[in-house]
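Listed below, chain by chain, are the residues.
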Amino acid sequence: MAWTAATIAYSSTLRPERVPRLSRAPHLWLNERMIRCAPLLLIITLLVSGRCWAQDSEPRRWTHLPVGINVVGTSLGVTNGDIFLDPVLEIEDANLETYTVSTSFVHSFALLGKTTRVDVAVPYTMGRWEGQLSGEPASTRRRGFRDPGIRLSMLLYGGEALSRAEFAQTERSNTVVGAALALRLPWGEYYPERLINLGNNRWTLRPQLGVTHRKGDWAYELTGSVFIYGDNDDLMGSRLEVDPLWAVQAHLIRYFNKGRWASLSSAWGDGADQTVDGMARDISTENWLIALAYGLPLSRQHSLKFAWIRGRTQRNDGSDIDSFSIGFTWVLP
């Protein structure tokens, strides 16, 4: 998958299915017990909101491209995992299963003599969340658009802007250094009265700095990022503030003949302390990810990418997820 910051906002406050037709209702209504437990509900929402997809693992993001390239892509990703919560919340065996279709577009161009590219991704998700609430089965479903993302990146070193003809004839640097600015837009499906949403109702800005070094058939890539979150001013009537999340990811890439490649990746994220209505909550994020990817060209213009990613929380709460995706890209003539 194009592991672009995908941010499925999840809350494990599930309504028991003994209420007729609840699992097919358009959203979860608040019953009297939920109202009495409102502070806990907010904690639950903050605890798991966005943790599953805040980070990503995307190899070859600093690849040197000729200018004037346009690439259209689509991918299908399947994710399932377990959610871990404080036992006092009486929620057990919470888990999720989602299917995401993402459409993307990449355009490369010259800026200040350097190769620059803009990436746009729009994800659509269908999913089911279920578990045990006070010993009773509970579940809900969601479908809709998640927050779209846009990323502007420039190769600062080793990325001179070259036409397609120059690119094929010019010997390029084995070391590339790049910088990027990614923005997650608060346009995904979001309803303030619902506990489970696909959008986050906030902006997320993500500066990035990366370096790639290639030696023979092997390449080594390192990227550092910081997620800077805007405020969610309408989280069930409250205001959510989140401190920055710091993340780093490393990739070992092996190139084969006929344009094939494979990668082994690892990523780490820490931070994102949260505050509700000015009150600090003992809620933060510490995740470790590992991923495998394989690229298979079908022709000079078409290719497939297969990817698997495993995310594991390093705290007693959070989520453990596994995802698999297959993507298709088309380089426009």
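In this report, we go over the structure that sits alongside the text. The numbers attached to residues start from 1 for each chain and follow its sequence in the written order. Selection of residues for local features in this predicted model requires a pLDDT of at least 70, selection of side-chain atom pairs for listing and counting requires 80 or more, and totals for whole chains, interfaces and linings are taken over all residues. Each side-chain value is derived from all of the structure's non-hydrogen atoms; neither hydrogens nor water enter the calculation.

Some words on a nonpolar patch on the surface
Moving on, step 1. A cluster of nonpolar side chains, namely V72, F105, V120, V122, F145, I150, L298, F328 and W330, defines an oily patch on the protein surface of about 710 Å² accessible area.
Moving on, step 2. Helix and strand assignments follow DSSP, with helices taken as H or I runs no shorter than four residues and strands as E runs no shorter than two, numbered in order from the N terminus. For the nonpolar patch, the secondary-structure elements that each account for two or more residues are β3 (114-133) and β17 (318-331).
Moving on, step 3. Relative to the helices and strands, F145 is located in strand β4 (residues 136-145). Residues enter a patch when their relative accessible area is above 30% and they make no salt bridge; the linking distance is 9 Å between like charges and 5 Å between nonpolar side chains (Val, Leu, Ile, Met, Phe, Trp, Tyr). For the area figures, the Shrake-Rupley method with a 1.4 Å probe applies, and any residue is considered shielded solely by the protein chains shown. Salt bridges, as used here, are contacts in which a Lys or Arg side-chain nitrogen is within 4 Å of a carboxyl oxygen on Asp or Glu.

Things to note about the pairing of strand β15 (residues 285-297)
Walk down a regular strand and you will see the side chains alternate between the two sheet faces.
Moving on, step 1. Strands are labelled as partners when DSSP assigns at least two bridges between them. Examined bridge by bridge, strand β12 (residues 261-271) and β15 share eleven bridges and lie antiparallel to one another. Counterpart to G271 in the pairing with β15 is T285.
Moving on, step 2. Bridge analysis of β15 against strand β16 (residues 302-313) gives eleven bridges, and the strand direction is antiparallel. Following the sheet pairing, N287 is matched in β16 by T313.
Moving on, step 3. Counted along the chain from β15 to the antiparallel partner β16, the turn is four residues long.

Quick word on the environment of R151
Moving on, step 1. Counting through the fold element by element, R151 comes out in strand β5 (residues 149-157).
Moving on, step 2. With 33 residues separating them in the primary sequence, R151 and R184 have C-alpha atoms 8.7 Å apart.
Moving on, step 3. Contacts were defined at the residue level, with two residues in contact if any of their heavy atoms lie within 4.5 Å. Excluding residues within four positions of it along the chain, R151 makes contact with R61, W62, R117, V118, D119, A180, L181, A182 and Q208.
Moving on, step 4. Here the side chain of R151 touches Q208 through a polar contact of 2.7 Å, side chain to side chain. N or O atoms closer than or at 3.5 Å make up a polar contact, with two conditions inside protein: a donor-capable atom paired with an acceptor-capable one, and, for residues adjacent in sequence, both atoms drawn from side chains.

Quick word on the packing of aromatic side chains
Moving on, step 1. Paired rings are identified among Phe, Tyr and Trp, the last through its six-membered ring, by centres lying within 6.5 Å, and are further divided according to the angle between planes into stacked (under 30 degrees), edge-to-face (over 60) and tilted (the rest). A complete count under the given rule lists two aromatic pairs for this structure.
Moving on, step 2. Ring centres of Y124 and F145 lie 5.0 Å apart, and the angle between their planes is 80°; on these two criteria the pair is classed as edge-to-face. Taken together, the residues Y124 in strand β3 and F145 in strand β4 connect sequence positions 21 residues apart.
Moving on, step 3. Throughout this description, buried means an accessible area under 20% of the type-specific maximum (1.4 Å probe, protein chains only), exposed means over 50%, and partly exposed covers the range between. With a relative accessible area of 46%, F145 lands in the partly exposed category.
Moving on, step 4. Residues F227 and Y229 carry aromatic rings whose centres are separated by 6.3 Å and whose planes lie at 15° to one another, so their mutual orientation is stacked.

Details of unusual backbone geometry
Moving on, step 1. Phi is positive for N201, which is not a glycine, with a value near 55°.
Moving on, step 2. Counting through the fold element by element, N201 comes out in the loop between β6 (175-184) and β7 (204-215).
Moving on, step 3. Judged by its relative accessible area of 27%, N201 is partly exposed.
Moving on, step 4. Phi angles above zero are rare outside glycine, and A272 is one such case at about 60°.
Moving on, step 5. Relative to the assigned elements, A272 resides in the loop between β12 and β13 (274-276).

Things to note about the pattern of salt bridges
Moving on, step 1. Scanning the model with the defined rule gives eleven salt bridges in all.
Moving on, step 2. Among the ionic pairs, K305 bridges to E58, the shortest N-O distance being 3.1 Å. Of the two residues, K305 is situated in strand β16 and E58 in the loop between α2 (38-48) and β1 (70-84); the sequence distance between them amounts to 247 residues.
Moving on, step 3. Looking at K305, the relative accessible area reads 17%, which means it is buried.
Moving on, step 4. Salt-bridge contacts for D119 lead to R117; the nearest nitrogen and oxygen are separated by 2.7 Å.
Moving on, step 5. Where salt bridges share partners, they join R310, R312, D320 and D322 into one cluster.

Focus on the sheet that holds β13
Moving on, step 1. Spatially, four strands are ordered β9-β10-β13-β14 in an open sheet, and the strand pairing comes out antiparallel. With partners counted over all chains shown, the strands left at the sheet margins are β9 (232-235) and β14 (279-281), one partner each. Here the strands of the sheet are splayed against their neighbours by 35° on average, with no regard to which way each runs.
Moving on, step 2. Alignment of β13 against β14, held across three bridges, turns out to be antiparallel. Counterpart to T275 in the pairing with β14 is A280. To get an axis, fit a line to the C-alpha atoms, keeping to the stretch in contact for a helix; angles then go from 0 to 180 degrees between the N-to-C directions.

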